[in-house]
Amino acid sequence: MSSAMFFLAFVIMLAVVAVLMVGLRNLMRDGDGNFSNKMMQLRVFLQFIAVAVIVIGLYIARSNGAG
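This write-up is about the structure you can find in this document. (Residues numbered from 1 in each chain as written. Predicted model: local features only at pLDDT ≥ 70, side-chain atom pairs only at ≥ 80, totals over all residues. Heavy atoms only, no water.)

One finds Met 5, Ala 9, Ile 12, Ala 50 and Val 53 forming the largest nonpolar core, which totals five residues. Top contributing element to this core by residue count: helix 1 (residues 3-28), with three residues. Sequence-distant contacts of Met 5, defined by excluding residues within four places in its chain, comprise Val 53, Ile 56 and Gly 57. (Core = buried A, V, L, I, M, F, W, Y, C linked by side-chain atoms within 4.5 Å. Buried < 20%, exposed > 50% of the residue type's maximum accessible area, 1.4 Å probe, protein only. Helix = DSSP H or I, 4+ residues; strand = E, 2+ residues; numbered from the N terminus. Contact = heavy atoms within 4.5 Å.)

If you want it as structure tokens, here you go:
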């Protein structure tokens, strides 16, 4: 996988962790349940994007003969 794809996947995974922490923090402090729900939905979406970027990166690397 190219370094650009690796960096992009890493940034998206960091975003997933950040959104997870924000949602859990709000949930633990008895915050707005609707906000926590939106954060968890955003987390799932970001996880999908991260998996898609990783799969595309691996496909590109494999098609270039790197694997």
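Let us look at helix 2 (residues 33-63). Helix length check: helix 2 (31 residues) gives 45 Å between terminal C-alpha atoms against 45 Å at 1.5 Å per residue, within 8%. Phi turns positive one or two residues past the end of helix 2, at Gly 65, with a value near 85°. (Expected span 1.5 Å × (residues − 1).)

Moving on to the packing of helix 1 against helix 2. Look at helix 1 against helix 2: their axes get within 9 Å of each other, and the N-to-C directions meet at 165°. The pairing of helix 1 with helix 2 is recorded here as roughly antiparallel in orientation. For the crossing formed where helix 1 meets helix 2, the hand is left-handed. Class assignment for the residues of the contact of helix 1 with helix 2 results in 22 nonpolar, five polar and one charged. (Axes fitted to C-alpha atoms, helices over the stretch in contact; angles between N-to-C directions. Parallel < 35°, antiparallel > 145°, perpendicular 65-115°, else oblique. Left-handed = near helix turned anticlockwise from the far one by under 90°. Nonpolar A, V, L, I, M, F, W, Y, C, P; charged D, E, K, R; others polar.)

So far we have only geometry, and geometry alone does not tell us how the molecule works.
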